[in-house]
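Topology and contacts: notes
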Amino acid sequence: MRNRFRLSMLLTAACLTNGLLALPAIADETCNSPYISNLIKGQEDYIHVWTLGVEHLGDGSDKLVTIDVNPKSKAYGKVINSLSVGGRGEAHHMGFTDDRRYLWAGNLDDSKIFVFDVGSNPAKPTLVRTITDLPAKTGFIGPHTFYALPGRLVIGMLSNSRDKGGVTGLAVYNNKGEFVAKYAMPTTAIGGVQGDGYGYDVAINPARNAMLTSSFAGWENYMRNLGDLVKDPAAMKHFGNTLVMWNLKTLQPTQIFNVPGAPLEIRWALAPGQDWAITATALTSKLWLVKQSAGQWQAKEVGTIGDPSKVPLPVDISITADGKGLWVNTFMDGITHYFDLSDPEHPRQTYQLHTGAQVNMVSQSWDGKRLYITSSLLSQWDKTGQDNEQFLRAFNWNGHALTPAFSVDFTQEKLGRPHHMKFSAKSTQQVALADTGPVRR
Amino acid sequence: MTEQANLHRAAGLRRRVWPLAAGVAVCALSTARAAVDPGPAAAPRTDFVVPAAGTYQLQEIQRTSDAELLDVAGRARHLAEFTHGKVTLLTFFYTSCTDPLGCPFGYVTLSQLRARVVADATLASAVRFVNVSLDPLEDTPAVIRRYAARFTPDPRFEWSFLTAASIPQLLPVLDNFGQDVSVETDPRGRPTRVLHHMLKVFLIDTRGVVREIYSLAYLQPDVMLNDIRTLVMSPPLAHTR
């Protein structure tokens, strides 16, 4: 508790003086790319957790941890597989390929990408490829968001190899792991709004030919000890303050929006005709809506998360499948918030629960009945001492309250710091085409 | 193009194309995993002004590999003959696929595109369509010949249908294109005729390089036509990978 108070004070002071600071996140079934097949709309069987290795804890390596989350299973709530990749590179986020057979997992420090086969046997993923040429091919480092396009992934980057600051771009790799293209985040003005060149999340609305990106910070900040960082006024100025709208087909930026305070996760409403997106700003603790008006996309502040003066630091968000609800985790106070989004212009918080000493990622099932939360933000930003809880916690949601279902203590299990989660389901009553035999019926 | 107009037009084409699938047995893409949804439940919308042809570059996504397949006459043919020299739209299908948002939706889209390509003198001879069967066990050359004949062959346009002599000969093609396929089994674990696959249409340039991939959420005819025009009017790019 003392650590948390001290850190809060530091962050508050830093934000008051500099107005800057931010954090990463992203997850869940409702945030998957619209190009991904086989959305799991019933009970998920497994959760894969991309986990940062911790020195002297277990094998100390980054790893993909698989947990059985089907209540009907004998292994419910248990770790059933742990696949170490060797070394620590700041494991962070993951994304499926469009066929959902492969899970790409990125490292923010060494910029490696690990490709896991989760389609053949989701209970026991295998590492099939390690991609190491991202900095050399693009000049960008810190692969953050992995967003499927047909046959390829667009990767939202955080930094660059030249000065390790926040100016960065997007990379595209095909599903075979081959580099395809790169695109710089805009650093010039578009429509009178100056681009800052920063990057973070990527989210696409195919029906509108719209791709929206957000902005965070470079390696120099996200790999720096948080206590030191917030005491450095110059460094605290180096956070993103923009959203960028892109023409998806041409991959040209078309609009830039000033969104102060590091807008992080982006979620498009999924219900047909609901062509708006929402994001949360980490530093200023606000919800922003991006919506078309008179043929132009516009971004506007629509709500507040917690008490911004206390710097709760909103991190991950999770939108319901019908677009009428939004979960928001605030890292510093460990609170999970639920907002009624029935009127996205006026979000209303209707519920909150303290779910841990520190909480980052939040993932909900497609039906909204189950919620999963992990604790780790970044290895250099997580709390210390007793507040350095490292867990995955599962809850059931009845529309009014969260009820604990199970918890996995990642420190006790000697696994590390759990970060991003992705769901998978058993493949039943199907066999590979190769297993059907070449016999003509 | 509004959603309503799109759907109306697709529905009209579907009525014209749907009899092609008559007489087939089972539905594809129906999911055996109760928890899993195969994809979007409706045709994709195109609620935007489609970028003009030639104003953008298409990515060089991947090279295509060669393979030996069979044409409708049962002759051995190199797949490379069908992926080079013209701008090509290639898709995988099987003749007993009946899911309205599976292969038949692909037929709807390609039929519509063929009409528009043929109507443009600069495109008609520069573009081809290719359908490769996912089911070599059932889709023999004779079967796909009868199937192709139902498409009212147009002498002004090249639309080819291919199959493989066996599953082992098909697998490298699927692997190269990244086309996922699995086979539904019956309660006794035996393979049925239902193939699970994601509908994809591959746009290939004259050098055999995939330049766009359209899956269901992205199968937007106006966009596809402008992508075709973009490739036809553009000089080939040097392949850098």
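Computed from a predicted structure; not experimentally measured.

Considerations on the nonpolar core
The tendency in soluble globular proteins is for nonpolar side chains to be buried side by side. In terms of nonpolar packing, the biggest core is built from 96 residues, with Leu212(A), Leu89(B), Leu90(B), Phe92(B) and Phe177(B) touching the most fellow members. Counting residues per element, this core draws most heavily on helix H2 (residues 103-118) of chain B, at seven residues. In contact with Leu89(B), not counting residues within four places along its chain, are Leu110(B), Leu113(B), Arg128(B), Phe129(B), Val130(B), Val201(B), Phe202(B), Leu203(B), Tyr214(B), Met224(B) and Ile228(B).

Some details on the side chain of Asn176(B)
Tracing the sequence through the fold places Asn176(B) in helix H5 (residues 167-177). The exposure class of Asn176(B) is buried, given its relative accessible area of 9%. At 2.9 Å, the side chain of Asn176(B) and the backbone nitrogen of Ser65(B) are in polar contact. With residues near it in sequence (within four places) discarded, Asn176(B) still touches Lys176(A), Gln62(B), Arg63(B), Thr64(B) and Ser65(B).

So, the pairing of strand S5 (residues 87-93) of chain B
Residue and element names in this part refer to chain B. Counting buried positions along S5 yields seven of seven residues, so the element is predominantly enclosed. The two faces of S5 match: Val87, Leu89, Thr91 and Phe93 on one face and Thr88, Leu90 and Phe92 on the other face are all buried. Two strands pair when backbone bridges link them, and S5 and strand S6 (residues 127-133) are joined in this way by seven bridges, in the parallel orientation. When the bridges of S6 are listed, Leu89 appears paired with Phe129. Across four bridges, S5 lies against strand S10 (residues 200-204) in antiparallel orientation. By the bridge assignment for S10, Leu89 is matched with Leu203.

Describing the interface of chain B and chain A
Each side of the interface is counted separately: chain B has 54 residues, and chain A has 49 residues. For the pairing of chain B and chain A, the buried interface totals around 4,400 Å² over both sides, and the portion due to carbon and sulfur atoms is 53%. Between the two partners, chain B and chain A, sit four salt bridges. Note that Glu212(B) is salt-bridged to Arg152(A), the shortest N-O span being 2.9 Å. Counting the contacts that link chain B with chain A gives eleven residue pairs in polar contact (both at pLDDT 80 or more). Top contributing element to the side of chain B that touches chain A by residue count: H5(B), with seven residues. When grouped by side-chain class, the residues that make up the side of chain B that touches chain A number 27 nonpolar, twelve polar and 15 charged. With three bridges connecting them, strand S32 (residues 430-432) of chain A and strand S8 (residues 181-185) of chain B associate as antiparallel partners.

Points about H2(B)
For H2(B), spanning 16 residues, the distance from its first C-alpha to its last is 22 Å, which sits close to the expected 22 Å at 1.5 Å a residue. The buried fraction of H2(B) is high, at 14 of 16 residues.

Some points on the packing of aromatic side chains
The tally for this structure, following the rule as stated, stands at 23 aromatic pairs over all chains. Ring centres of Phe129(B) and Trp159(B) lie 5.2 Å apart, and the angle between their planes is 85°; on these two criteria the pair is classed as edge-to-face. Taken together, the positions of Phe129(B) in strand S6 and Trp159(B) in strand S7 (residues 158-162) put the pair 30 residues apart, joining distant regions of the chain. For the residue pair Phe129(B) and Trp159(B), the accessibility class agrees, reading buried in each case. A ring pair is formed by Trp159(B) and Phe161(B), whose centres lie 6.0 Å apart and whose planes are at 15°; its orientation type is stacked. Here Trp159(B) and Phe161(B) have matching classes, each one buried. Put simply, the rings of Phe93(B), Tyr107(B), Phe129(B), Tyr147(B), Phe157(B), Trp159(B) and Phe161(B) pair up and form one aromatic cluster. Over the ring of Phe96(A) we find Arg100(A), and its NZ or CZ is 4.5 Å from the ring centre. The ring of Phe331(A) is capped by Lys383(A), whose NZ or CZ atom sits 5.7 Å from the centre of that ring.

Some words on the pattern of salt bridges
Opposite charge on two side chains makes pairing possible when the charged atoms of those side chains draw close. Counted by the stated rule, this structure contains 31 salt bridges over all chains. Asp201(A) is paired through a salt bridge with Arg267(A); the nearest N and O atoms lie 3.5 Å apart. Here the residue Asp201(A) occupies a position in the loop between strand S14 (193-194) and strand S15 (202-205), and Arg267(A) occupies one in strand S19 (residues 263-268), the gap between them amounting to 66 residues. Given a relative accessible area of 0%, Asp201(A) falls into the buried group. Residue class for Arg267(A) comes out buried when judged on its relative accessible area of 3%. Residues Glu158(B) and Arg128(B) are paired through a salt bridge, measuring 2.9 Å at the closest nitrogen-oxygen approach. One end of the pair, Glu158(B), is in strand S7; the other, Arg128(B), is in strand S6, and 30 residues separate them in sequence. Overall, Glu158(B) belongs to the partly exposed group, its relative accessible area being 24%.

A closer look at the packing of H2(B) against helix H6 (residues 221-233) of chain B
All names here are of chain B. Where H2 contacts H6, the two axes come as close as 10 Å, and the packing angle between them is 45°. Relative to H6, H2 is oriented oblique. Judged by the sense of rotation from one axis to the other, the crossing of H2 with H6 is right-handed. Across the interface between the two elements, Thr109, Gln112, Leu113, Arg116 and Val117 from H2 touch Pro221, Asp222, Met224, Leu225 and Ile228 from H6. Within the contact of H2 with H6, the residues separate by chemical class into six nonpolar, two polar and two charged.

Concerning the environment of Arg211(B)
Residue and element names in this part refer to chain B. One can find Arg211 in strand S11 (residues 209-215). Separated by 23 residues in sequence, Arg211 and Ser234 have C-alpha atoms that sit 12 Å apart. Here the side chain of Arg211 touches Leu58 through a polar contact of 2.8 Å, landing on its backbone oxygen.

Regarding the sheet that holds strand S25 (residues 335-340) of chain A
Residues and elements named next belong to chain A. One open sheet accounts for four strands, arranged S23-S24-S25-S26; its pairing is antiparallel. Strands with a single pairing partner mark the edges of an open sheet, and in this sheet they are strand S23 (314-319) and strand S26 (348-354). Adjacent strand axes in the sheet meet at a mean angle of 20°, parallel and antiparallel pairs treated alike. Both strand S24 (residues 325-330) and S25 contribute to a ladder of six bridges, which runs antiparallel. The residue bridging Trp327 from the neighbouring strand is Tyr338, located in S25.

A word on the confidence of the model for chain B
In low-pLDDT segments, the atomic positions of the prediction should not be examined closely. Averaged over every residue, the pLDDT of chain B is 80; the share at 70 or more is 79%. Across the interfaces of the predicted complex, the ipTM metric reaches 0.90, alongside a pTM of 0.89.

Some details on the environment of Gly151(A)
Residue placement: Gly151(A) occurs in the loop between strand S9 (140-149) and strand S10 (152-160). Note: C-alpha distance between Gly151(A) and Pro404(A) (253 residues apart in sequence) is 39 Å. Excluding anything up to four places from it in sequence, Gly151(A) contacts Asp98(A), Asn174(A), Asn175(A), Ile61(B), Lys200(B) and Ile213(B).

Looking at the confidence of the model for chain A
For chain A, mean pLDDT is 91; residues scoring 70 or higher make up 92% of the total. Counting interchain partners and residues more than four positions distant, the pLDDT-below-50 stretch residues 1-27 of chain A has 109 contacts.

Reading the values: rules and limits
- Residues numbered from 1 in each chain as written.
- Chains lettered and ligands numbered in written order.
- Predicted model: local features only at pLDDT ≥ 70, side-chain atom pairs only at ≥ 80, totals over all residues.
- Heavy atoms only, no water.
- Core = buried A, V, L, I, M, F, W, Y, C linked by side-chain atoms within 4.5 Å.
- Buried < 20%, exposed > 50% of the residue type's maximum accessible area, 1.4 Å probe, protein only.
- Helix = DSSP H or I, 4+ residues; strand = E, 2+ residues; numbered from the N terminus.
- Contact = heavy atoms within 4.5 Å.
- Polar contact = N/O pair within 3.5 Å; in protein donor to acceptor, adjacent residues only side chain to side chain.
- Pairing = 2+ DSSP bridges.
- Buried area = accessible area lost by both parts, 1.4 Å probe.
- Salt bridge = Lys/Arg side-chain N within 4 Å of Asp/Glu carboxyl O.
- Nonpolar A, V, L, I, M, F, W, Y, C, P; charged D, E, K, R; others polar.
- Expected span 1.5 Å × (residues − 1).
- Phe/Tyr/Trp six-rings, centres within 6.5 Å; stacked < 30°, edge-to-face > 60°.
- Lys NZ or Arg CZ within 6 Å of the ring centre and 35° of its normal.
- Axes fitted to C-alpha atoms, helices over the stretch in contact; angles between N-to-C directions.
- Parallel < 35°, antiparallel > 145°, perpendicular 65-115°, else oblique.
- Left-handed = near helix turned anticlockwise from the far one by under 90°.
- pLDDT = per-residue confidence, 0-100.

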